[in-house]
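Geometric and topological summary
Now for the letters of each chain:
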Amino acid sequence: MSMLYSKYALGPLTLQNRLVMAPMTRNRATDNIPNALMAEYYVQRATAGLIITEGTAPSPNGLGYPRIPGIFSPAQVEGWRRITDAVHAKGAKMFVQLMHCGRIAHPLNLPAGARMLAPSAVEAGGEMYTDAEGMKPHPAPQAMTEVDIRSTIAEYAHAAKNAVTAGFDGIELHSANGYLLEQFIRPNTNQRTDGYGGPIENRARFVLEVAEAVIGAIGMDKVGIRLSPFGVFNDMPLYDAMEADYTYLAQQLNARGLVFVHLVDHSPMGAPPVPDAIKATFRKLFKRTLILSGGYDAERAESDLAAGRCDLTAVGRPFLANPDLVDRWRTNAAVNAPDMSTFYTPGPKGYTDYPVLMK
Ligand SMILES: Cc1cc2nc3c(=O)[nH]c(=O)nc-3n(C[C@H](O)[C@H](O)[C@H](O)COP(=O)(O)O)c2cc1C
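Below: a short report on this structure. The model shown is predicted, which means the values in this text are computed figures rather than measured ones.

**Looking at unusual backbone geometry**
Residues other than glycine seldom take positive phi values, yet Asn-27 does so here, at roughly 55 degrees. For Asn-27, the location among the structural elements is in the loop between strand S3 (19-21) and helix H1 (36-44). The backbone of Phe-230 shows a phi angle near 70 degrees, a positive value even though the residue is not glycine. Phe-230 gets classed as buried once you look at its relative accessible area, which sits at 16%.

**Re the packing of aromatic side chains**
Summed over all chains, the structure comprises eight aromatic pairs. The interplanar angle of 40 degrees and the centroid separation of 5.5 Å between the aromatic rings of Phe-95 and Phe-260 together place this pair among those described as tilted. Placement of the pair is Phe-95 in strand S5 (residues 93-98) and Phe-260 in strand S12 (residues 260-264), with a sequence separation of 165 residues. Each of the two residues, Phe-95 as well as Phe-260, counts as buried.

**With respect to the sheet that holds strand S14 (residues 312-315)**
If you trace the eight strands once around the closed barrel, you get S3-S4-S5-S10-S11-S12-S13-S14, paired in parallel fashion. With strand direction ignored, the average angle separating the axes of adjacent strands in the sheet is 25 degrees. Pairing analysis gives three bridges linking S3 to S14, with the strands arranged parallel. Its bridge partner lying in S14, Val-20 is registered against Ala-314. Sheet contacts for H1: S3, strand S4 (50-56) and S5; angle to S4, the most-contacted strand, approximately 145 degrees. Helix H8 (residues 276-285) contacts strand S11 (223-227), S12 and strand S13 (289-293) of the sheet and is inclined by roughly 160 degrees relative to S13.

**Describing the nonpolar core**
Soluble, globular proteins show a tendency: their nonpolar side chains are buried together. The biggest cluster of nonpolar side chains holds 84 residues, and the ones touching the most others in it are Ile-71, Ile-171, Leu-173 and Phe-206. Here this core gets eight residues from one element, more than from any other, and that element is helix H6 (residues 205-218). Residue contacts for Ile-71: discarding those within four places in its chain leaves Thr-56, Ala-57, Gln-76, Val-77, Trp-80, Val-96, Leu-98, Ala-159, Asn-162, Ala-163, Ala-166 and Phe-168.

**Here's the deal with the layout of surface pockets**
Taken as a whole, the largest pocket encloses approximately 1100 Å³ of empty space. Asn-177, Phe-233, His-266, Met-269 and Tyr-344 are the residues nearest the centre of the largest pocket, which is lined by 43 residues in total. Elements that contribute at least two residues to the lining of the largest pocket include exactly S4, S14 and helix H10 (317-321). Residue classes in the lining of the largest pocket are distributed as 25 nonpolar, 13 polar and five charged.

**Structural notes on the site of the ligand**
In the vicinity of the ligand there are 19 residues, among which Pro-23, Thr-25, Arg-226, Gly-295 and Arg-317 approach most closely. His-174 places a side-chain nitrogen or oxygen 3.1 Å from an oxygen atom of the ligand. A distance of 2.6 Å is found between an oxygen atom of the ligand and a side-chain nitrogen or oxygen belonging to Arg-317. Protein chains shield 95% of the accessible area of the ligand, which is 610 Å² for the free molecule. Mapping the ligand onto the cavity grids shows that it belongs to the largest pocket. Grouping the constituent residues of the shell around the ligand by class yields eight nonpolar, nine polar and two charged.

**A closer look at the side chain of Asp-304**
Assignment of secondary structure puts Asp-304 in helix H9 (residues 298-306). The exposure class of Asp-304 is buried, given its relative accessible area of 8%. For Asp-304, the side chain forms a polar contact with the side chain of Arg-309, separated by 2.6 Å. Aside from chain neighbours lying at most four places away, what touches Asp-304 is Leu-292, Tyr-296, Arg-309 and Cys-310.

Rules used throughout
- Residues numbered from 1 in each chain as written.
- Predicted model: local features only at pLDDT ≥ 70, side-chain atom pairs only at ≥ 80, totals over all residues.
- Heavy atoms only, no water.
- Helix = DSSP H or I, 4+ residues; strand = E, 2+ residues; numbered from the N terminus.
- Buried < 20%, exposed > 50% of the residue type's maximum accessible area, 1.4 Å probe, protein only.
- Phe/Tyr/Trp six-rings, centres within 6.5 Å; stacked < 30°, edge-to-face > 60°.
- Pairing = 2+ DSSP bridges.
- Axes fitted to C-alpha atoms, helices over the stretch in contact; angles between N-to-C directions.
- Contact = heavy atoms within 4.5 Å.
- Core = buried A, V, L, I, M, F, W, Y, C linked by side-chain atoms within 4.5 Å.
- 1 Å grid on protein atoms, 1.4 Å probe; cavity = no way out; pocket = protein on both sides within 12 Å on 5 of 7 lines; lining within 4 Å.
- Points joined across faces, edges and corners; volume = space filled by probe spheres on them.
- Nonpolar A, V, L, I, M, F, W, Y, C, P; charged D, E, K, R; others polar.
- Near = heavy atom within 4 Å.
- Polar contact = N/O pair within 3.5 Å; in protein donor to acceptor, adjacent residues only side chain to side chain.
- Areas by Shrake-Rupley, 256 points an atom, 1.4 Å probe, with all protein chains shown as cover.
- Sits in = over half its atoms within 2 Å of the grid points.

Take it as geometry only, folks, not as evidence of what the structure does.
Below, the structure is given as structure tokens:
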């Protein structure tokens, strides 16, 4: 008996199966506005139980990369509305991932008047792609003032309300992979000496206040969060208290009643492995839905679900390359390989032209 293709109650929602399309930035949103090409891409994949969108900025300050969508303007809400309507018609539920890039940005990628903000003025190592001038070193961000903290939290709440107006079933807070929320959690990027820096109770405060604000705006059944304990992407080194810090987060997020926690394991992409112990800690301490992701194929997804390690499995690259992934996995059919060279390039190539099986 397959669990992967059986229905699942995510809070009040019924998912048509337990396969989640993982959030994937695809940089097709010209002028940061969701468009018809994006609608086609998501609809092609709407046999998933749940689609989590690509990282989407809650405000102009959050737009670190070129051509990523936002959800702060009326045109963006309208663009997303067309996408959620079409996806719902095919049966999938849809959450928008709210991604504020923080220091992982470049002024050339930001609209006029937007600012690169982070907990502290610590620049990331490495470079950032810009449409205007190609690869550029990461500049140092501005350390957020108390006023910036309050206004950024308000931006998240506004974006969450917009998500509901746009027809989304909920939001996923992107608190993984080195973006703003994780920049507050980690000591290398958070060197603050106020109530938002220092011990984990302070470094977790911004994330928890954002969670409380979006729950206040749209309700706990519509709010999930993505975390990457032991993740090192975007210049976030490992440190001794990592496990204790994320154990604290598991407890605090459970107390706030979010509908899911979604854990990232990027070891299949060459990152250091995420210890099984931390996944088990979340399973034990977080009582609502747990989503695991990273390197899943159908067999591993089925066995993790059967063993009770998680409730849902999220899949990235296989969904990117196989619009009909659910059918292919269910029938043990061959799968298309993803083409990395078109992950982030504009236009339909490598986006909406992956072949589907003939029926
Ligand atoms: C092209 C691409 C873009 C991605 N963009 C995001 C993103 O916007 N937000 C996020 O949380 N993770 C992002 N990820 C990570 C995926 O959600 C996922 O965790 C990763 O691909 C590992 O899962 P997989 O082995 O099933 O591909 C991205 C991955 C890829 C390949």
